[in-house]
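Take a look at the letters that make up each chain.
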Amino acid sequence: MAWRHRVIAESVIGYTSPPARLEQIGGKDHILMKGSMLFAYDVPDKRVEFVRQQRGVRLSPWRGVGVGHNLPAIEGFIDEIAKSVGKDPLAYRLELAAKNPRATTLLRTVAEMSQWSRKRDGTALGLALEEKDETLVTGVAEISLDRATGKIRVHNFWAAIDCGVCVQPFNTITQTEGGIVYGIGHVFSEEITHVDGRVKQSNFHDYRVLRMEDVPNIEVKVVSTDNKPTGVGEDGVPLTGACIGNAFFALTGVRVKELPMTPARVLAALQQGRT
């Protein structure tokens, strides 16, 4: 019936632009808040809020900008609502997006690509629907978990994208694939830590990016429509946290609510879920 979404953070525009710029836009940081409006879902009443919290930390856009943190929160909660009312995550999204044929087409497309209804042994699927700058994307991740070590492995990642008239389908596929690879690295290991006010990491020996051995099978399908071209670039990145988070929830019934989903955080979440 209603949805309230609140983001509490420093302002990207407030930090990177002259102070007058944030005043000109009425304090509405569109970079930080991108992806928070639930455009694809038919929810009668929506309220989206931004509370600026100044901590003196340098802040800049990340690839995928606000969608990167808003999508996992939104799509994760959608899965939890679906579970609470006893509905399949795909079926529940199809109900919410029934008035949006572009969204339902993509949901059905990625469900077919991933064989959503097929039973798995030892793995689980996680689904997400993303809207960014009028481009719609759906994704499904298939993961397994080593409960002894806390290591999550992504075996397959499927995505379907509708960016209106797709001028360069091959480039769209490769760009989305690249975003998925980049995003998975951030989901699992890419992290900056501070010790005594200094960044601890100095190069790729202690800042671990995704290794080739951990890259899953990735399949991307372009659904070209007669809508105006809406652009492609960052769309694969936010999907990763949302899909992997939902797959982990489907597999274990618990959530890791902080990225990256390191083995230590995974084990802590599993332990907390058992207590």
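Residues numbered from 1 in each chain as written. Predicted model: local features only at pLDDT ≥ 70, side-chain atom pairs only at ≥ 80, totals over all residues. Heavy atoms only, no water.

A. Up close: the overall build of the protein. Looking only at helices and strands, one finds nine helices and eight strands in the protein. With the C-alpha coordinates of the protein rotated into their principal frame, the extents come out at 50 × 45 × 40 Å. Residues classed as buried in the protein amount to 48% of the 275 residues present. If you take every contact in the protein between residues at least 6 apart in sequence, the share linking residues at least 24 apart comes to 70%. Total accessible area computed for the protein in this model is approximately 14,500 Å², and 52% of it derives from carbon and sulfur atoms. Averaging the locations of the 34 positively and 32 negatively charged side chains of the protein gives two centres separated by 4 Å. (Helix = DSSP H or I, 4+ residues; strand = E, 2+ residues; numbered from the N terminus. Buried < 20%, exposed > 50% of the residue type's maximum accessible area, 1.4 Å probe, protein only. Contact = heavy atoms within 4.5 Å. Areas by Shrake-Rupley, 256 points an atom, 1.4 Å probe, with all protein chains shown as cover. Lys, Arg positive; Asp, Glu negative; His and termini not counted. Charge placed at Lys NZ, Arg CZ, Asp CG, Glu CD.)

B. Quick look at the packing of aromatic side chains. Overall, the coordinates contain two aromatic pairs when judged by the stated rule. Ring geometry for Trp3 and Phe77: centres 5.6 Å apart, planes at 65°, overall edge-to-face. One end of the pair, Trp3, is in strand S1 (residues 2-9); the other, Phe77, is in helix H4 (residues 67-84), with 74 residues separating them in the sequence. (Phe/Tyr/Trp six-rings, centres within 6.5 Å; stacked < 30°, edge-to-face > 60°.)

C. Layout of the state of the cysteines. With the rule as written, the count across this model stands at zero disulfides. Of all cysteine sulfurs, the one in Cys163 lies closest to Cys166, which takes part in no disulfide; the gap is 4.0 Å. (Disulfide = S-S within 2.5 Å.)

D. Quick look at the sheet that holds strand S5 (residues 151-162). Pairing in this open sheet of four strands is mixed, and the strands run S3-S4-S5-S8 from one edge to the other. The sheet is open, and its two borders are formed by strand S3 (124-132) and strand S8 (217-222), each paired with just one other strand. When strand polarity is set aside, the average angle formed by the axes of neighbouring strands in this sheet is 15°. One ladder, built from six bridges, connects S5 with S8; its direction is parallel. Looking across to S8, one finds that Phe157 is bridged to Ile218. Sitting on the sheet, helix H6 (residues 101-114) is in contact with S3, strand S4 (135-146), S5 and S8, with an inclination near 135° to S5. (Pairing = 2+ DSSP bridges. Axes fitted to C-alpha atoms, helices over the stretch in contact; angles between N-to-C directions.)

E. Representation of unusual backbone geometry in the model. Looking along the chain, the bond that leaves Leu259 and enters Pro260 is cis, with omega of 0°. Not every positive phi belongs to a glycine, and Glu134 is a case in point at roughly 70°. Its identity is not glycine, yet Asp196 carries a phi of approximately 55°, on the positive side. Within the fold, Asp196 resides in the loop between strand S6 (194-195) and strand S7 (198-199).

F. Main features of the packing of helix H5 (residues 89-96) against H6. As a packed pair, H5 and H6 sit with axes 9 Å apart at the nearest point and diverge in direction by 165°. As far as their axial angle goes, H6 and H5 are roughly antiparallel. Classified by chirality, the crossing of H6 by H5 is left-handed. Note on element contacts: H6 touches H5 through Thr104, Leu107, Arg108 and Ala111, opposite Leu90, Arg93 and Leu94. For the contact of H5 with H6, a count of residues per class yields four nonpolar, one polar and two charged. (Parallel < 35°, antiparallel > 145°, perpendicular 65-115°, else oblique. Left-handed = near helix turned anticlockwise from the far one by under 90°. Nonpolar A, V, L, I, M, F, W, Y, C, P; charged D, E, K, R; others polar.)

G. Representation of the nonpolar core in the model. Formed by 34 residues in total, the largest nonpolar core has its most connected members in Ile244, Phe248 and Met261. At the level of secondary structure, the elements contributing two or more residues to this core comprise H4, S4, S5, helix H7 (169-188), S8, helix H8 (236-252) and helix H9 (263-274). Among the elements that make up this core, the one with the highest residue count is H8 (six residues). Ile244 has contacts with Ala141, Ile143, Val154, Ile184, Val187, Phe188 and Met261, leaving out every residue within four places of it along the chain. Formed by 28 residues, the second largest nonpolar core is a distinct cluster that contains Trp3, Tyr41, Val110 and Val223. (Core = buried A, V, L, I, M, F, W, Y, C linked by side-chain atoms within 4.5 Å.)

H. Region of the structure containing the layout of surface pockets. Each pocket or cavity is described by its volume, and for the largest pocket that value is around 1,700 Å³. Lining the largest pocket are 47 residues, and of these Trp62, Gly68, His69, Glu258 and Leu259 sit closest to its centre. Among the secondary structure elements, those contributing two or more residues to the lining of the largest pocket are S1, helix H3 (30-33), H4, H7 and H8. A per-class count over the lining of the largest pocket returns 24 nonpolar, 14 polar and nine charged. (1 Å grid on protein atoms, 1.4 Å probe; cavity = no way out; pocket = protein on both sides within 12 Å on 5 of 7 lines; lining within 4 Å. Points joined across faces, edges and corners; volume = space filled by probe spheres on them.)

I. Just the environment of Val57, in detail. By the element assignment, Val57 lies in the loop between strand S2 (45-52) and H4. Assessed through its relative accessible area of 53%, Val57 is described here as exposed. Here the alpha-carbon distance between Val57 and Val110, two residues 53 residues apart in the chain, equals 39 Å.

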